[in-house]
Amino acid sequence: MLRARTGQADATVARLPTQVDYENAVGVGAQCADLINQGYSTLVLDASEVQYLDSSGVSMIIMVSRLLEKHAGTLRLAGLSDDYQHVWRLLGLDTVFPIFPTVNAALDEPTTDEGAGAPASLGHVGSEAREAP
């Protein structure tokens, strides 16, 4: 279901399946929790192959992010399609955790206590400046 590989000593990359929905979101979330419980403080979710993501999948990603925060870790989402980036921005999730164009970009970003769970910064996908209302 979820394919994981070690990216760095405290980071791992988990490639999401092509569909993340009601049928598999709980299982994918459990596999992510297992990675976190193994001691990885940075989890990069590779969404480059995701073709369908429903609200169950979005909820699972938020749950994984919260679990990582409890373990002083950080979630990074990489390779999200243009369509889902747009949805992510509409939901305001681009301000919750960093979104990166590629897995390598996500792994190259240094991990700091200040940056954990911080909004996407300059250079990240979905980090356009917003105008004040």
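Here we summarise the structure given alongside this text. A quick note: this is a predicted structure, and the numbers were derived from the prediction, not measured.

Comments concerning the pairing of strand β6 (residues 74-78)
The element β6 is extensively covered by neighbouring structure, given that five of its five residues are classed as buried. Two strands pair when backbone bridges link them, and strand β4 (residues 42-46) and β6 are joined in this way by five bridges, in the parallel orientation. Directly across from Leu-45, in β6, lies its bridge partner Leu-77. Summarising the sheet, β6 and strand β7 (residues 99-100) pair through two bridges and their orientation is parallel. What sits directly across from Leu-77, in β7, is Ile-99.

Points about the nonpolar core
By size, the foremost hydrophobic cluster in this structure holds 29 residues, and its most contacted members are Leu-43, Leu-45 and Trp-88. Counting only elements with at least two residues in this core, the list comes to α1 (25-37), β4, α2 (55-70), β6 and α3 (82-91). Once residues within four sequence positions are removed from consideration, Leu-45 is found in contact with Ala-14, Leu-16, Cys-32, Ile-61, Leu-75, Arg-76, Leu-77 and Ala-78. Counting eight residues, the second largest nonpolar core, distinct from the first, contains Ala-11, Ala-78, Ala-106 and Leu-107.

So, the packing of α1 against α2
Viewed as axis vectors pointing N to C, α1 and α2 meet at an angle of 15°, and their least axial separation amounts to 9 Å. By the angle between their axes, α1 is roughly parallel relative to α2. Seen from above, α1 lies across α2 with right-handed handedness. Residue-level contacts link Ala-25, Val-28, Gly-29, Cys-32, Ala-33 and Ile-36 of α1 to Ser-56, Gly-57, Met-60, Met-63, Val-64, Leu-67 and Leu-68 of α2. Considered class by class, the residues forming the contact of α1 with α2 number 10 nonpolar, three polar and no charged.

Conventions we followed
Residues numbered from 1 in each chain as written. Predicted model: local features only at pLDDT ≥ 70, side-chain atom pairs only at ≥ 80, totals over all residues. Heavy atoms only, no water. Buried < 20%, exposed > 50% of the residue type's maximum accessible area, 1.4 Å probe, protein only. Helix = DSSP H or I, 4+ residues; strand = E, 2+ residues; numbered from the N terminus. Pairing = 2+ DSSP bridges. Core = buried A, V, L, I, M, F, W, Y, C linked by side-chain atoms within 4.5 Å. Contact = heavy atoms within 4.5 Å. Axes fitted to C-alpha atoms, helices over the stretch in contact; angles between N-to-C directions. Parallel < 35°, antiparallel > 145°, perpendicular 65-115°, else oblique. Left-handed = near helix turned anticlockwise from the far one by under 90°. Nonpolar A, V, L, I, M, F, W, Y, C, P; charged D, E, K, R; others polar.

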